[in-house]
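In case you want the letters, here they are:
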Amino acid sequence: MIRDHFRVCLVDLSKGSMQVLERGGRDQFCGGGGLAAMLFQEFGHVDRPWDDPDQPLIFAIGPLTGYFPLMSKTVCAFKSPYHDQYAESHAGGRSALSMRFGDMDALVIRGRANRLSALAVGARTFELRDVHFLRGRDALSCGRVIRDMFPGSGRRSMLRIGPAGENRCSYACINVDTYRHFGRLGAGAVMGAKNLKALVILGDRGFALPEGKAYPALFKEVYRQLTTTAIMDKYHGLGTAGNVGALNELRALPWRNLQQTHDPDADGITGERMAEDRLLRNAACAGCPVGCIHIGYVREKFQENYQYLYRQVAYDYELIFAVGSMLGVKDSFDALRLMDTVELMGLDVMSTGGALAWATEALEKGLVTEKQTLVPLAFGDAATYMTAIEHLGRNSNEFYTLLSKGTLRAAGVFGGGDFACVLGQEMAGYATGEVFFTAEGLGFRHSHLDSGGYAYDQKHEEQDVESAVDFLVEDEKSRALLCAMVSCLFARGVYSEDLLSEALESVGYGNLAGRLDSMAGNIQRLRWRTRVQTGYDAAEVHIPKRFREVVTWKGPVDDAYMEALREAYARRIMALGAPENAD
Amino acid sequence: MKKLTAARMERCIGCHSCSLACARLVHRQLSWNKAGIRIRSAGGLSTGFQARLCLACNPAPCAEACPSGALSQRRDGGVIQKRKLCIRCGKCAEACPVDAVFLDHEVNPYLCIHCGRCVEFCPHDCLELVEIIPEIVPASQEDAS
């Protein structure tokens, strides 16, 4: 639906009510991440804790959602339980198209339900139902119950949390349509704090398209580029899992809590091995013909006389790194079993892997005991890690409760902060060097997605602080624009600013087409300003010692260079996040 | 005369490109419902996908149920749709044995007209436009009925 304003669905779980609001700002903040930050300014409370019932949980899509291929993601924004500051997480599945066809640019959920509840919203739907009987349920079987409770197969998105979200683990995720996630920074705990076990978004409307041939012709050309050229092959074929072997060879794959960056025996978990031995099929987000979701399987003998069960498990590079190499697990079945357990608990896989890797080293070094870890954590021991993941998700004892608040929280009590692989949150799987460590450590989402720092490390041998920081700031700005549309970042090589302008023009957003640069700047500044208002000080970010000990293909990390990058990038971030009238 | 078949749905990745293409090119809509082909999971996303589309019945129960002539029998199977004649009674959807007719909230029916415009937008070649082979009913069976 083309409109010059935003249509916002505002739900109050405490009252069991909803309202439809109209808001301006389209030509300033576009949608997606820009819209979410704008709505946090209106509905969020910078001075109240993340779990205050009145804090909003925001979902937002963009002006091109559903209109073009790979415009298929949703931005989720909230005050994070991880750092109690403003945060974003992005996911696809059917969520974005369900919101488009549910006739909402954003969904804002406030309040706290009296009992554990499931919410259904859509263009003609609003329903809040008691689901107390799902308390403690894993995220996958919860989905099966919700599917039967709320009709709409093929035109709905189902978001739900596992035990980790109910227990307010700081890195609990929201599972989206089984195979996708709002993974990082604890959106699942925000749902848990709101007593919201599941959210069904029903996309049951359609909208007239603009007259003329420009739109369908442009769609066809974009679709052709995305499906018949080599640009997207790496995502469709091996998928991101192809990075496992490549980064291991490059000496940039974190192994055993980043004690090494290479292992000669990585063959069991490479993308090639996963594809050849474990891949069942590909799947896609709605509106994306690429199909980057790779679904493998685990098979278990549950009884004698050849009685087996199997489960389907989605895998990606980040998952293989997090519960594979980071935990010293080298068998693909073992890695998939761990991913499956993480999925059931509703945890973020990267933080889970990072936290357990730290706990393993802490146990090795005698900082914690088996009385605390309950199981003898050891690199490579998948069966033990499966049990530990359940302990994390279910907060089985004080140690796991603390560890589920973040690795540095546990290290603050037990020591071991030097080897906590935390860059704002547990690291992403790129031990590429100084620029990436700085980018993730300080970046908005503390993620490999804010900017291409990992690629910069690989392309630049020289140490030029200003150039590197300029790159991080400019790359983040261009990605902020894509995340306002809201595009999958895999399409960033296709959706140039020119193409975005053409796409906006073709569907009737000609007024936005000429304002891309100013909108990108607005969004970048507003996101940072919101983050800073909620307590962020980039200058205080500390990059743990373990990252200064890393040896990549370039040799040991240069501590002085990384420190210079950290200081320079922190200054730039704080300037971007300065109050609006600071000039 | 040809008909659209979802011949290789085990390849489907659930991208909805076919539905979106039909809505966009045939009905001038942005929708995954207002289309002659619609994709849904076969009972949860872990079970794969199935397509809802007209199976080109001959005789077509939806055409037989249509009181206004908006739907009429297509020669070798399926129906010809004349939207202007539709009175939006919804009888076609009720009559369809495979739930291939989608009714929007104004009771406008959307169903496959076997034009094949969706085929090129399937990235995994699940769909195919095939020649309808007219069914030859043996005389003995006709007698028996």
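Residues numbered from 1 in each chain as written. Chains lettered and ligands numbered in written order. Predicted model: local features only at pLDDT ≥ 70, side-chain atom pairs only at ≥ 80, totals over all residues.

So, on to the overall build of chain A. Each helix and strand counted, chain A has 25 helices and 20 strands in total. The C-alpha radius of gyration of chain A comes to 22 Å, within 12% of the 25 Å expected for a compact globule of 583 residues. Looking at chain A as a whole, 60% of its 583 residues qualify as buried. (Helix = DSSP H or I, 4+ residues; strand = E, 2+ residues; numbered from the N terminus. Rg over C-alpha atoms; globule rule 2.2 N^0.38 Å. Buried ≥ 20, exposed ≤ 12 C-beta atoms within 10 Å, placed from the backbone.)

Next up on the list: the overall build of chain B. Within chain B, the secondary structure is distributed over 4 helices and 9 strands. Listing the helices and strands of chain B from first to last along the sequence gives β-α-β-β-β-α-β-β-α-β-β-β-α. In terms of C-alpha radius of gyration, chain B reaches 16 Å, essentially the compact-globule figure of 15 Å for 145 residues. Here chain B holds 145 residues, and 42% of them are scored as buried. Of the contacts formed within chain B by residues at least 6 apart in sequence, a portion of 53% connects residues at least 24 apart. (Contact = placed C-beta atoms within 7 Å.)

The peptide bond linking Met485 of chain A to Val486 of chain A adopts the cis configuration, its omega dihedral lying at 0 degrees. Pro59 of chain B follows Asn58 of chain B through a cis peptide bond whose omega is 10 degrees. Within the secondary structure, Pro59 of chain B sits in the loop between β4 (49–53) and α2 (61–65). A positive phi is found at Arg256 of chain A, a non-glycine position, where the angle reads about 45 degrees. Mapped onto the elements of the fold, Arg256 of chain A is located in the loop between α9 (243–250) and α10 (271–278). On the basis of neighbour count, Arg256 of chain A is assigned to the partly exposed category, with 18 C-beta atoms found within 10 Å. In the Ramachandran plot, Arg88 of chain B falls in the positive-phi region, its phi being about 60 degrees despite a non-glycine side chain. By the secondary structure assignment, Arg88 of chain B is in the loop between β6 (79–81) and α3 (91–95). A count of 13 C-beta atoms within 10 Å places Arg88 of chain B in the partly exposed class.

Residue and element names in this part refer to chain A. Direction vectors running N to C along helix α23 (residues 516–533) and helix α25 (residues 559–576) enclose 95 degrees, while the axes themselves pass 7 Å from each other. In this view, α23 runs roughly perpendicular relative to α25, as classed from their interaxial angle. Contacts from Gln524, Arg525, Trp528 and Val532 in α23 reach Ile573, Met574 and Leu576 in α25. For the contact of α23 with α25, the per-class residue count stands at 5 nonpolar, 1 polar and 1 charged. (Axes fitted to C-alpha atoms, helices over the stretch in contact; angles between N-to-C directions. Parallel < 35°, antiparallel > 145°, perpendicular 65-115°, else oblique. Nonpolar A, V, L, I, M, F, W, Y, C, P; charged D, E, K, R; others polar.)

Considering every residue of chain B, the mean pLDDT works out to 92; 93% of them sit at 70 or more. Among the prediction metrics, the complex's ipTM stands at 0.92, with pTM recorded as 0.96. (pLDDT = per-residue confidence, 0-100.)

All right, on to the pairing of strand β15 (residues 293–303) of chain A then. All names here are of chain A. Strand direction decides the pairing type here: strand β14 (residues 279–283) and β15, joined by 4 bridges, are antiparallel. Bridge assignment links Leu279 to a residue of β15, and that residue is Gly296. The pairing of β15 with strand β16 (residues 307–315) spans 9 bridges and is classified as antiparallel. Each residue of the ladder has a partner; that of Gly296, found in β16, is Val313. Between β15 and β16, which pair antiparallel one after the other, the connecting turn spans 3 residues, and Asn305 there sits at a positive phi close to 60 degrees. (Pairing = 2+ DSSP bridges.)

The next point concerns the sheet that holds strand β7 (residues 117–122) of chain A. Residues and elements named next belong to chain A. The strand order across the open sheet formed by 6 strands is β8-β7-β12-β9-β10-β11, and the pairing between neighbours is mixed. On the outer flanks of this sheet lie β8 (125–130) and β11 (180–182), each paired with one strand and no other. Neighbour-to-neighbour, the strand axes of the sheet open up by a mean angle of 20 degrees, direction not taken into account. Judged from the 2 bridges that link them, strand β9 (residues 156–160) and strand β10 (residues 174–176) form a sheet pairing that is antiparallel. Following the sheet pairing, Arg160 is matched in β10 by Asn175. Relative to β9, helix α4 (residues 139–149) is tilted by about 140 degrees, and along the sheet it contacts β7, β8, β9, β10 and β12 (196–202).

Turning our attention to the sheet that holds strand β2 (residues 17–23) of chain A. Residues and elements named next belong to chain A. If you walk across this open sheet you meet the 6 strands as β2-β1-β6-β3-β4-β5, and the pairing is mixed. At either margin of the open sheet sits one strand with a lone partner, and together these are β2 and β5 (86–91). Going from strand to strand, the sheet's axes swing by 20 degrees on average, the running direction of each strand aside. Two strands pair when backbone bridges link them, and strand β1 (residues 6–12) and strand β6 (residues 106–110) are joined in this way by 5 bridges, in the parallel orientation. If you follow Val8 over to β6, its bridge partner there is Ala106.

Time to look at the interface of chain B and chain A. Between chain B and chain A, the residue contacts involve 27 residues of the former and 32 residues of the latter. Listed by contribution, the elements that provide at least two residues to the side of chain B that touches chain A are α1 (17–25), β2 (29–30) and β3 (37–41) of chain B. Taken together, the residues of the side of chain B that touches chain A sort by class into 11 nonpolar, 10 polar and 6 charged.

Let's shift gears to helix α12 (residues 332–345) of chain A. For α12 of chain A, spanning 14 residues, the distance from its first C-alpha to its last is 20 Å, which sits close to the expected 20 Å at 1.5 Å a residue. Counting buried positions along α12 of chain A gives 13 out of 14 residues, so the element sits mostly inside the fold. (Expected span 1.5 Å × (residues − 1).)

This part is about the environment of Leu449 of chain A. Residue and element names in this part refer to chain A. Positionally, Leu449 belongs in the loop between α18 (434–442) and α19 (453–459). Look at Leu449 and you get partly exposed, because 19 C-beta atoms sit within 10 Å. A C-alpha to C-alpha distance of 29 Å links Leu449 and Asp4, two positions 445 residues apart in sequence.

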